[in-house]
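Residue-level structural notes
Chain residues, written in single-letter form:
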Amino acid sequence: MWSPKLDKITRALVKGVARLKGSLAGLERPEAKVKRKIHPVADVYPLMVGKPFDDLVESIKANGLINPIWIHPDDGSIIDGKNREMACPVAGVERRYQEWDGKGSLVRFVVAQNHDRRHMSATDKALAGKKLLPLLAEEAKIRQGEAGKRGKEGGRGKKKTLDQKIDQGFKGKRQPQALAEAAKLAGTNRQYIADLVKMEKEAPTVYAKIEAGGLELIPAKRQVREQKREKRRKEN
């Protein structure tokens, strides 16, 4: 029997299957392979699949590789451009690499390179924000250590810097500050990121479906609530 709830579930499943088919189609192309190691910061953003990837291939084929594939100066790993890395051989265009100059924040540099990703859904942006949290915390910790060596930051009675707040936020002491910074960079809201952090701990199976592209955040939240209600009913 048809119902609005069943219709929503069916549409979500169809969308998930379509995204999975797109992913497999891209992976089946022998030429669409990544030659270099992928830096963790590049995994903040998802791989393009299906039509977005095909559009990228056509754009590179028609216009050449306008934006180079950015690599880390220390180990040559890709920090931005893993989709371009895969699309170039499909388009028949030679890959072109450029080293990041190492100045400023690597995380913010990569975010700036991806600010106009129109194909990203609200769920994709929330996932990106969640993945930014530990990277921002790590950068904050490094900068704190460098500042501490110079004797210019920290110390008793001094106001905490943004870096200190981000690092402590990731550890749970100042979570709103850390979430707000990650949300601002990812173009999402901090509640969505907090929802994903909580879901990964409390409902890892549901979270895995979101990360795999088979479930959007809002339906996933409803699913988790229903699971909790069902569990309480069984316990009572």
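Described below are features of the structure shown in this document. Computed from a predicted model, the values in this text were never measured in an experiment.

Examining the overall build of the protein chain
Regarding its fold elements, the protein chain presents 10 helices and 3 strands. For the protein chain, the succession of helices and strands along the chain, N to C, is α-α-β-β-α-β-α-α-α-α-α-α-α. The contacts in the protein chain between residues at least 6 apart in sequence include a share of 69% that link residues at least 24 apart. As displayed, the protein chain has an accessible area near 14400 Å², and 53% of this comes from carbon and sulfur atoms.

Focus on a positive patch on the surface
Among the surface-exposed residues, R222, R225, R229 and R232 lie close enough to one another that they form a single positively charged patch. When you line up the elements, R229 lands in helix α10 (residues 217–235).

Looking at the sheet that holds strand β3 (residues 97–99)
In spatial order, the strands read β2-β1-β3; together these 3 strands make up an open sheet with mixed pairing. Each end of this open sheet is capped by a strand with a single partner; those strands are β2 (78–80) and β3. Sheet twist, expressed as the average angle between the axes of neighbouring strands with direction ignored, equals 45°. Sitting on the sheet, helix α3 (residues 82–91) touches β1 (69–71), β2 and β3, and the angle it makes with β2 is about 105°. Each of β1 and β2 touches helix α4 (residues 106–113); the most contacted strand, β2, lies at about 55° to it.

Notes on the environment of K228
For K228, the location among the structural elements is in helix α10. In this structure the C-alpha to C-alpha distance between K228 and A203, which are 25 residues apart in sequence, comes to 10.0 Å. Apart from residues no more than four positions distant in its own chain, K228 is found in contact with K198 and E202. Separated by 3.2 Å, the side chains of K228 and E202 make a polar contact.

Quick notes on the rules
Residues numbered from 1 in each chain as written. Predicted model: local features only at pLDDT ≥ 70, side-chain atom pairs only at ≥ 80, totals over all residues. Heavy atoms only, no water. Helix = DSSP H or I, 4+ residues; strand = E, 2+ residues; numbered from the N terminus. Contact = heavy atoms within 4.5 Å. Areas by Shrake-Rupley, 256 points an atom, 1.4 Å probe, with all protein chains shown as cover. Patch = residues over 30% accessible without salt bridge, like charges linked within 9 Å, V, L, I, M, F, W, Y side chains within 5 Å. Salt bridge = Lys/Arg side-chain N within 4 Å of Asp/Glu carboxyl O. Lys, Arg positive; Asp, Glu negative; His and termini not counted. Charge placed at Lys NZ, Arg CZ, Asp CG, Glu CD. Pairing = 2+ DSSP bridges. Axes fitted to C-alpha atoms, helices over the stretch in contact; angles between N-to-C directions. Polar contact = N/O pair within 3.5 Å; in protein donor to acceptor, adjacent residues only side chain to side chain.

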